[in-house]
Amino acid sequence: VKTNARCAITNKLVLKDGEPFYVFPSGYVILASALKKEVMPYLNEKQRSRVLELEEELKAAPESEPSREKLQTELDGLIAAECPLTGTVMIESIDRGFDKSDEIDNLFGPLNIERAEV
């Protein structure tokens, strides 16, 4: 990962704050917190519940505990099984509107689309 690599979702530098991140075969790099936020709505109730359980268990487990790796592997399998920007999450979200249209306006300016007179 390059030192200036940015999260594909938040555009934050991934090496800056020491937050865990994932690198996908697609080439996208995504911070763990952004990935979780993006993927959670597409998990079923049992999977969402398990993600929360695993996070609690990881917080409670000492760094040196061998079971920690097993917990992290299971969590990775739930939230990082595939790239959310190129996999089924993207396909399932195709009909979802943009959450932050003001963010788009800030980047490109408001879209002034006028209706043509007929």
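Here the structure is shown first, and the text comes after it.
Model, not experiment: these values are computed from the prediction.

Engineer: So what exactly am I meant to see when it comes to helix α3 (residues 67–79) here?
Structural biologist: Each turn of an α-helix holds 3.6 residues, which means side chains three or four residues apart point in the same direction. Over its 13 residues, α3 runs 19 Å from end to end, which matches the ideal 18 Å to within 8%, given 1.5 Å per residue. All of the buried residues along α3 are Arg68, Leu71, Leu75, Leu78 and Ile79. For α3, the buried positions fall inside an angular range of 90° around the axis, keeping them on one side. In this structure, α3 carries Glu69 and Lys70 as exposed residues pointing more than 90 degrees from its buried face. The secondary structure elements touched by the buried residues of α3 are β1 (21–23), α1 (32–39) and α2 (45–60).

Engineer: I keep staring at the nonpolar core and nothing clicks. Help me out?
Structural biologist: Within soluble globular proteins, side chains that are nonpolar tend to cluster in buried spots. Tyr22, Phe24, Leu35, Val51 and Ile79 are the most contacted members of the largest nonpolar core, which totals 23 residues. Those elements that provide at least two residues to this core are β2 (29–31), α1, α2 and α3.

Engineer: Just checking my understanding: could you explain unusual backbone geometry for this structure?
Structural biologist: Where the residue is not glycine, phi is negative for most of them; where a peptide bond is considered, it is trans in most cases. Phi is positive for Asn11, which is not a glycine, with a value near 65°. As for its position among the elements, Asn11 is in the segment before β1. Residue classification places Asn11 among the partly exposed residues on the basis of a relative accessible area of 49%.

Engineer: What is the right way to read the packing of α2 against α3 from this model?
Structural biologist: Closest axis-to-axis distance for the α2/α3 pair is 10 Å, and the angle between their directions is 150°. Accordingly, the angle class assigned to the pair α2 and α3 is roughly antiparallel. The interaxial crossing formed by α2 with α3 has left-handed handedness. Mapping the contact onto sequence places Gln47, Arg50, Val51, Leu54, Glu55, Glu57 and Leu58 in α2 and Arg68, Leu71, Gln72, Glu74, Leu75, Leu78 and Ile79 in α3. Tallied by class, the residues present in the contact of α2 with α3 amount to seven nonpolar, two polar and five charged.

Engineer: What should I look at first to understand the pattern of salt bridges in this one?
Structural biologist: Note that side chains of opposite charge can pair when their charged atoms are close. Inspection of every chain in the model, using the stated rule, returns seven salt bridges. Among the ionic pairs, Glu45 bridges to Arg48, the shortest N-O distance being 2.9 Å. With Glu45 and Arg48 both in helix α2, this residue pair falls three residues apart, about one helical turn. The closest approach of N and O atoms between Arg68 and Glu63, which form a salt bridge, is 3.2 Å. Here Arg68 falls in the buried class, since its relative accessible area comes to 19%. A single salt-bridge network, built from bridges that share partners, covers Arg50, Glu53, Glu57 and Glu74.

Quick notes on the rules
Sequence order sets the numbering: in each chain, residues are counted from 1 along the sequence as written. Since the coordinates come from a predicted model, pLDDT governs what is reported: local features require at least 70, and pairs of side-chain atoms require 80 or more to be given and counted, while whole-chain, interface and lining totals use all residues. Hydrogen atoms and water are omitted, and side-chain values are computed over all heavy atoms in the structure. Secondary structure counts use DSSP, requiring at least four H or I residues in a row for a helix and at least two E residues in a row for a strand, with both numbered from the N terminus. In a helix, the anticipated span is given by 1.5 Å times the number of residues less one. Think of it in three bands: with a 1.4 Å probe and only protein chains considered, a residue is buried below 20% of the maximum accessible area for its type, exposed above 50%, and partly exposed in between. For this quantity, the arc is that covered by the directions from the helix axis to the C-beta atoms. Between two residues, a contact is recorded if the distance between any of their heavy atoms is within 4.5 Å. Throughout, nonpolar core names a set of buried Ala, Val, Leu, Ile, Met, Phe, Trp, Tyr and Cys residues whose side chains join them through atoms within 4.5 Å. To get an axis, fit a line to the C-alpha atoms, keeping to the stretch in contact for a helix; angles then go from 0 to 180 degrees between the N-to-C directions. By definition in this entry, angles of less than 35 degrees are roughly parallel, angles greater than 145 are roughly antiparallel, angles of 65 to 115 are roughly perpendicular, and the rest are oblique. Should the near helix be turned counterclockwise from the far one by less than a right angle, the crossing is left-handed, whereas a clockwise turn marks it as right-handed. In this classification, the charged set is Asp, Glu, Lys and Arg, the nonpolar set is Ala, Val, Leu, Ile, Met, Phe, Trp, Tyr, Cys and Pro, and all remaining amino acids, among them Gly, are polar. A carboxyl oxygen of Asp or Glu within 4 Å of a side-chain nitrogen of Lys or Arg is what we treat as a salt bridge.

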